[in-house]
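One-letter residues, chain by chain:
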Amino acid sequence: MSEPKTIVLTGASRGIGHATVKRFSAEGWRVLTCSRQPFDARCPWPGGEENHIQIDLADPNKTIAAIETIKSKINGRLDALVNNAGISPKGADGARLNTLDTDLRTWGQVFHVNFFSSVIMARGLKDELAAAKGSVVNVTSIAGVRVHPFAGAAYATSKAALAALTREMAHDFGPLGVRVNAIAPGEVETAILSPGTDKIVEKLPMQRLGQPKEVADVIWFLCSDQSSYISGAEIEVNGAQHV
């Protein structure tokens, strides 16, 4: 029997990441999860603990060191890398951090997690991705293309940069046989949602929140053979919010 396919997923512990773990596990993939939290024994998938890497993507040195840990677990092949980790710091009482009041250190931290870690991970695992003719999916955001009432300036600009990075990576990784795409979720029902989201939802053409599973299904599509000639794309998963 052939070895199961393998995915490395950052930001796996909740929301879209959690749903993605469940989707790929259900398809028989081996899922290596990366998050700031240690493995939670309540997670219902098999082999979870030995396939979990605790990693602080805000620290470049720790990110680079974690790549060696991942390499030691994947036998020279990686079918998919999903860069899903993202942070969106808030001010006092959940206030939106704009360009006038975001501390420089906060900008740096957000960009390390949301942007730099994606290229560090992909570059660090490029040989393994190339060996499997694998797929990279970067998770961007509706906030990358418009001012959002809750997502801060550092978050929004990091996601816009990640969309541009996806294009650059698709160009650079293509000759290795590796596809690189992005998905841009809108208002998805996860713990990251801010109070007041219901006002946004009222104005959406589909008039409802997205579900994490609906986003995970698109990630699955982009990592499957069904999308074998799609690279450099950013797929909107937002119920037509972008229109």
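Residues numbered from 1 in each chain as written. Predicted model: local features only at pLDDT ≥ 70, side-chain atom pairs only at ≥ 80, totals over all residues. Heavy atoms only, no water.

As recorded in an unreviewed UniProt entry, the protein goes by the name SDR family oxidoreductase, listed as coming from Pseudotabrizicola alkalilacus. Turning to the protein, the UniProt annotation filed under Sequence similarities (unreviewed entry) states: "Belongs to the short-chain dehydrogenases/reductases (SDR) family." (UniProt positions renumbered as here; feature names shortened; annotations may be inferred.)

A few words on the overall build of the protein. What the protein contains, in helices and strands, is seven helices and seven strands. Counting from the amino terminus, helix and strand elements in the protein follow one another as β-α-β-β-α-β-α-α-β-α-β-α-α-β. Against the compact-globule benchmark of 18 Å for 243 residues, the protein has a radius of gyration of 17 Å, which places it among compact chains. Principal-axis analysis of the C-alpha atoms places the extent of the protein at approximately 50 × 40 × 40 Å. Residue burial in the protein is summarised as follows: out of 243 residues, 49% are buried. Pairs at least 24 residues apart make up 71% of the contacts formed inside the protein by residues separated by at least 6 positions. (Helix = DSSP H or I, 4+ residues; strand = E, 2+ residues; numbered from the N terminus. Rg over C-alpha atoms; globule rule 2.2 N^0.38 Å. Buried < 20%, exposed > 50% of the residue type's maximum accessible area, 1.4 Å probe, protein only. Contact = heavy atoms within 4.5 Å.)

Of all seven residues making up strand β6 (residues 179-185), seven are buried, and the element is well covered by its neighbours. On β6, burial covers both faces: Arg179, Asn181, Ile183 and Pro185 on one face and Val180, Ala182 and Ala184 on the other are all buried. By the bridge criterion, five bridges tie strand β5 (residues 135-139) to β6 in an arrangement that is parallel. Bridging across to β6, valine 137 finds its partner in asparagine 181. The handedness of the β5 to β6 crossover, carried by helix α5 (residues 153-173), is right-handed. (Pairing = 2+ DSSP bridges. Right-handed = clockwise from strand over helix to strand, strands pointing away.)

With that settled, the discussion passes to the side chain of arginine 179. If you trace the backbone, arginine 179 turns up in strand β6. Those residues in contact with arginine 179, other than ones at most four positions away along the chain, are Gly134, Ser135, Val136, Leu222, Cys223, Ser224, Ser227, Ser228, Tyr229, Ile230 and Ser231.

Our focus in this paragraph is the pattern of salt bridges. Scanning the entire structure with this criterion turns up eight salt bridges. Two residues, aspartate 79 and arginine 77, come together in a salt bridge whose shortest N-O distance is 3.9 Å. On the basis of relative accessibility, which here comes to 41%, the residue arginine 77 falls in the partly exposed class. For glutamate 214, the salt bridge identified is with arginine 208, shortest N-O distance 2.8 Å. (Salt bridge = Lys/Arg side-chain N within 4 Å of Asp/Glu carboxyl O.)

The geometry of helix α2 (residues 60-73) relative to helix α3 (residues 104-124) is characterised by a closest axis approach of 10 Å and an angle of 35° between their N-to-C directions. For the element pair α2 and α3, the recorded crossing hand is right-handed. Listed contacts from α3 to Pro60, Thr63, Ile64, Ile67, Ile70 and Lys71 of α2 are His112, Ser117, Ile120, Met121 and Gly124. (Axes fitted to C-alpha atoms, helices over the stretch in contact; angles between N-to-C directions. Left-handed = near helix turned anticlockwise from the far one by under 90°.)

Looking now at helix α1 (residues 15-26). Taking 1.5 Å as the rise per residue, α1 with 12 residues should run 16 Å; its terminal C-alpha atoms sit 17 Å apart, in good agreement. Among all positions of α1, only Ile16, Gly17, His18, Ala19, Thr20, Val21 and Phe24 are buried. Where the residues of α1 are buried, they touch β1 (6-10), β2 (30-35), β6 and α7 (212-223). Looking one or two places after α1, you find glycine 28, whose phi comes out positive at around 90°. (Expected span 1.5 Å × (residues − 1).)

Relative to the 20 Å expected for 14 residues at 1.5 Å per residue, α2 spans 21 Å between its end C-alpha atoms, a close match to the ideal helical length. For α2, the complete set of buried residues consists of Thr63, Ala66, Ile67 and Ile70. Across the axial projection of α2, the buried residues extend over an arc of 120°, all falling on one side. Pointing more than 90 degrees away from the buried face of α2 are the exposed residues Asn61, Glu68 and Ser72. N-cap assignment for α2: the residue whose side-chain oxygen lies 2.9 Å from the backbone N of asparagine 61 is aspartate 59. Directly after α2, the chain includes asparagine 75, whose backbone phi takes a positive value near 55°. (Arc of directions from axis to C-beta. Polar contact = N/O pair within 3.5 Å; in protein donor to acceptor, adjacent residues only side chain to side chain.)

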